[in-house]
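The chain contents come next:
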Amino acid sequence: MTEEDLLRRVAALLAEHDTGDRTAFLRARFDAGLAWVHFPEGLGGLGAPIALQPVVERALAAAGAPDNNPRRIGIGLGMAAPTILRHGTDAQRARFLRPLWTGEEVWCQLFSEPGAGSDLAGLATRARRDGDDWVVTGQKVWTSSAHTARWAILIARTDPDVPKHAGMTYFICDMTAPGVDVRPLRQITGEAEFNEVFLTDVRIPDAHRLGDVGDGWRVAQTTLMNERVAIGGRPMPREGGMAGVVAETWRQNPELRTPELHDRLVRLWVESEALRLAGQRLRESLAAGHPGPEGSAMKLAFARLSQRLSGLEVEFLAADGLRYGDWTMRRPDVVDFTGNDAGYRYLRAKGNSIEGGTSEILRGIIAERILGLPAEARVDKDVPWKDLPR
Amino acid sequence: MSQSLVDTDVETQLRTAVAEVLEDNPTKVDDLDGATVWSALRAMGATTLPVPEELGGQGAGWREVAVVAEELGRAVAPVPFLGSVLATAALLRATDDPHAAEALRGDATLVVPLSAWPGGPLPHITVDGDRLTGTVRSVADVRGTLVVPADGALWLTEQADITPVTSLDRTRPVADVEFSGAKAVRVAADGAVEHALRVGAAILAAEQVGIAEWCLDTTVAYLKQRYQFGRPVGSYQALKHRLADLWQEIVLARAAAKAAADALDTGEDAALLAYAAQSLCAEVAVHAAEECVQLHGGIGMTWEHPAHLYLKRAKADEIALGTPGRLRVLLAPLADLPA
Ligand SMILES: Cc1cc2nc3c(=O)[nH]c(=O)nc-3n(C[C@H](O)[C@H](O)[C@H](O)COP(=O)(O)OP(=O)(O)OC[C@H]3O[C@@H](n4cnc5c(N)ncnc54)[C@H](O)[C@@H]3O)c2cc1C
C-alpha cells in the first residue's frame, strides 16, 4: 500500500459518495477501508501502515468531507476499538466496530470503582453466570461519557476466591439495559463530564464477553496501554496542544509579559515540542495496534506540561486570570482539554495526571517495567481477592 | 526590636477563638455565604484589629491580623477580610483627615485590581474637579466606602457601578468598578496605596500558610486510610517523601509569613520580608493545593470535595498583590541582588 494507492481510493470514495450526508459518508468511508487504514480489511482498514493514516485525513479534510468528531468518541476509538480488535470474536468485531467508528454508537469505560482506582485489579463489581447470561451488580465511578454512551467496556469479578488478577472477566455492557443507572458527578470545572454508574442485576449475554472467563486482566492491559497513548500520544502539529494555546495568549498580551514568565514559557514550549517529536518517534516505531510501555512516558510528560502551561497562563493573565467563564453545571458531550478559558484549562488539566492511570502509577510502571528496577514488595498477589485488606 | 516568631499567648487565644467560629461554620461548596462568620468576627473585634481604639478599633498589631488571616485561609472562609485589610492599611495613613477616620469606622474598599502589586501600575482614573471617571477591573471584596487611588491621592466615594464577575475563586469574588463622574472627597495620603499593597502581601502570606497547612493535613489523613494494593496508599515511600517535602516547605513558609507580619509592626525590613514571604508562600500554597488534588485521585477532581476551593483560592492568591516573579523583582534590590 502506497500513498498513491490511498489517494486513489480517497478520490474514488469522494466520487461515489455525497459528503453532505454525514453518517452515510462515514459508513462508506469505513466500508472503503479508509477509517483506520491499519485495521484489517473488512473492519474499516486496509492492513496498511498506521503512518499512512494522515495521508487519508489530509486528503479528506481538503475535500471538505465530514469527520467522525473524534473528541466525542475518544473512548470508543482509543480504547474499546483496539481491545475488540485484539480480543473480540469475528461476530463482535463485525457488530461493534463500524458504528463505533462512525460515531453512531458512543462508548464509555466502566473500570474504576470507589474502592478500586489505581488498584483496578481490586475491583468488586460481581458478575455471576446464569444460563447464557451474566448477571452483574456493583458500582462504577468517574465514568466519562456514561451519559451519552450506548455501550461500555466493563471489567467485573467472576471469581472472588482466587488472587485478584486471576478472577476478572471483561465484558461489553449495554448502557440501555435494565439495571444500569447513570448519575452525573460534578467536577472542579463546574461540569459533570464523568458519572457514577450503578449496576443492579444487569444481564449481559455471554456473547458479549470479550476474551476468556478469568482472563479480564490481560484483556484490560490492551485497553489501558491504548488509553495512555490516546491521552498523551496523539499526532499533532507544532503548538498543537496546550503550548499553542498559551503561546497565543502570550502573543496577544504584550503588556503583561515579564522576563521571568518569558523564560518559563520558552522552556515549556521547548519541552512541548520535544514531547511532540517523541510522540512521532514512538508512533513510527510501534507495530500497529500494539503499544508498548513507552506510552506511559508520553502521558506522564503530557500531564506535567499541560498543567505547567495552563498554570502559567492563569498567572500571566493576572487580573483576567482571576475570572472564570461559567460555573453552571453542564453535562458536556465532548471533552476539550484546551477549550474554554484559561481557568478551565488549568482546572481540567489537573485531571490529566489522574485519568487513565495516575502519574504516580505511571512512574512505578516506568521504574519497574522499563528500567527493570526491583518491584515493590506486594501483599496482594497471592491472596484470594476476598481476603485482601481494604 | 523584633518579637518572637512564635505565637504570643494573646495570639494563641485569638487563633483559638477564630478557629472555633470557623469550625461551627465550615465553608460549604454550594453555599458560599460568609455572613455568619463575618458577623462573628466583627463581634469579637477581629475585623478592626489594627485600628486604634480612639478610632473604634482594637489597637492591636498586624501580627494579630496575620493570625486571623491564617485561620481564615485554613477554612477558605468566604469573608471580605483581605479587602478590609487593604482599605484599613491605606486609610490608616491618613487618619488626620476626618473623612478617612470616618471611613475606618465603616466598611471600605481600596479600589485596585486584586492583581495590583506595590509600586506597580494602576488603572487610570480621571479626576475632573471632584469627579472621578474610569474603570477598575477585578477588585476583591467590594463593599462600603470606595477608596480610589487617583492623582497621587485617595478619593472617597460611594458612587459607582459595581458589576460582579464570575470569579475563579468563588470564595473571594471580584467585581468591576466603574466611575462615571462620581463625586468624591480627596484625602491626601502619600504612598498609601503602595503601603497598603505591601501590608496586604504580608498578610496574604499568612493566609497562604493556612491554606497549605489544611491541604497537607487533609492529604496526610486521607492517605493514611485510603487502601489500594492491599495497603494504605500513604505507606508508599514515593508519596511519603513528597509529603515530607511539602511539610518542609510549610516550615519555611510559616516562619517567613510570621516574620513579615511582625515586621509590619516594627517597621524593620518590612518591605523585604513582605516580598520574601509573599513570593515564597504563594508558591507553597499552590503546590500544597495541587498535591492535595492529585493525591486524592478522582475524588480530588470532584465538586463535592472541598480540595478545589483551596486550589482556586491558592491560584488566585498567587496572582493577588503581585505574582511571585514580580515580588522577587521588588525584593532583589532590597537584598542587594541587582539584576
Ligand atoms: C477526569 C477523569 C476522568 C476519568 N474517566 C474515567 C473513565 O471514563 N472510566 C474509568 O473507569 N475511570 C475513569 N477515571 C478514573 C481514574 O482512572 C482513577 O481516578 C485513577 O485510576 C485513580 O484512582 P483513584 O481515583 O481511586 O485514586 P487512588 O488510586 O485512590 O489514588 C490516590 C492517590 O494515591 C496515589 N497512589 C495510588 N497507588 C499508589 C502507588 N502504588 N504508589 C504511589 N502512589 C499511589 C495515586 O497516584 C493518587 O495520587 C477518570 C478520572 C478522572 C480524574
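Residues numbered from 1 in each chain as written. Chains lettered and ligands numbered in written order. Predicted model: local features only at pLDDT ≥ 70, side-chain atom pairs only at ≥ 80, totals over all residues. Heavy atoms only, no water.

As recorded in an unreviewed UniProt entry, chain B goes by Acyl-CoA dehydrogenase and comes from Actinokineospora fastidiosa. For the record of chain B, the UniProt heading Cofactor (unreviewed entry) holds the text "FAD". Note on chain B: under the UniProt heading Sequence similarities (unreviewed entry), the record states "Belongs to the acyl-CoA dehydrogenase family." (UniProt positions renumbered as here; feature names shortened; annotations may be inferred.)

An unreviewed UniProt entry lists chain A under the name Acyl-CoA dehydrogenase, with Actinokineospora fastidiosa as the source organism. Turning to chain A, the UniProt annotation filed under Sequence similarities (unreviewed entry) states: "Belongs to the acyl-CoA dehydrogenase family."

Let us look at the overall build of chain A. For chain A, the helix and strand inventory stands at 11 helices and eight strands. For 390 residues, the compact-globule estimate of 2.2 N^0.38 gives 21 Å, and the C-alpha radius of gyration of chain A, at 22 Å, lies within 12% of that figure. Taking the principal axes of its C-alpha atoms as reference, chain A extends roughly 70 × 55 × 45 Å. Counting across all 390 residues of chain A, residues that qualify as buried make up 53%. Considering only contacts in chain A between residues 6 or more positions apart, those separated by 24 or more positions represent 71%. (Helix = DSSP H or I, 4+ residues; strand = E, 2+ residues; numbered from the N terminus. Rg over C-alpha atoms; globule rule 2.2 N^0.38 Å. Buried < 20%, exposed > 50% of the residue type's maximum accessible area, 1.4 Å probe, protein only. Contact = heavy atoms within 4.5 Å.)

With 47 residues of chain B at the contact, the number on the chain A side is 50 residues. Across the interface of chain B and chain A, roughly 3,900 Å² is buried in total on both sides, 61% from carbon and sulfur atoms. At the surface where chain B touches chain A, the tally comes to seven salt bridges. The partner of Arg323(A) in a salt bridge is Asp176(B), and the shortest N-O contact between them spans 2.8 Å. In this structure, the connection of chain B to chain A is made through 26 residue pairs in polar contact (both at pLDDT 80 or more). Looking at the side of chain B that touches chain A, the elements with two or more residues in it are β3 (131-140), β7 (174-183), β9 (227-228), α7 (237-266), α8 (270-295), α9 (307-319) and α10 (324-334) of chain B. In terms of residue count, the dominant contributor to the side of chain B that touches chain A is α9(B) (seven residues). Across the side of chain B that touches chain A, the residue classes tally to 18 nonpolar, 14 polar and 15 charged. (Buried area = accessible area lost by both parts, 1.4 Å probe. Salt bridge = Lys/Arg side-chain N within 4 Å of Asp/Glu carboxyl O. Polar contact = N/O pair within 3.5 Å; in protein donor to acceptor, adjacent residues only side chain to side chain. Nonpolar A, V, L, I, M, F, W, Y, C, P; charged D, E, K, R; others polar.)

This part covers the UniProt feature "domain: Acyl-CoA dehydrogenase/oxidase N-terminal" (unreviewed entry) in chain B. The feature "domain: Acyl-CoA dehydrogenase/oxidase N-terminal" (unreviewed entry), as annotated in UniProt, sits at residues 13-94 of chain B in this numbering. In residues 13-94 of chain B, helix accounts for 55% and strand for 0%; the two terminal C-alpha atoms are 31 Å from one another.

Residue and element names in this part refer to chain B. Pairing within the open sheet is antiparallel, and its four strands lie in the order β2-β3-β7-β6. Both edges of this open sheet fall to β2 (126-128) and β6 (161-164), since each of them pairs with a single strand only. When strand polarity is set aside, the average angle formed by the axes of neighbouring strands in this sheet is 15 degrees. Strand direction decides the pairing type here: β6 and β7, joined by four bridges, are antiparallel. Bridge pairing links Ile 162 to Val 177 in β7. (Pairing = 2+ DSSP bridges. Axes fitted to C-alpha atoms, helices over the stretch in contact; angles between N-to-C directions.)

With that out of the way, let us pick up the pattern of salt bridges. Inspection of the entire model under this criterion finds 65 salt bridges over all chains. Glu376(A) is paired through a salt bridge with Arg231(B); the nearest N and O atoms lie 3.4 Å apart. Placement of the pair is Glu376(A) in the segment after α11 (359-370) and Arg231(B) in strand β10 (residues 231-232), with the two residues belonging to separate chains. Since its relative accessible area comes to 39%, Glu376(A) is described here as partly exposed. With its nearest N and O atoms 3.4 Å apart, the salt bridge here joins Arg15(B) to Glu70(B). Here the residue Arg15(B) occupies a position in helix α1 (residues 9-24), and Glu70(B) occupies one in helix α3 (residues 62-74), the gap between them amounting to 55 residues. Glu70(B) sits in the buried class, given a relative accessible area of 10%. Within this structure, Asp7(B), Glu11(B), Arg15(B), Arg63(B), Glu70(B), Glu71(B), Arg74(B), Glu213(B), Arg254(B), Lys258(B) and Asp262(B) form a network of salt bridges that share partners.

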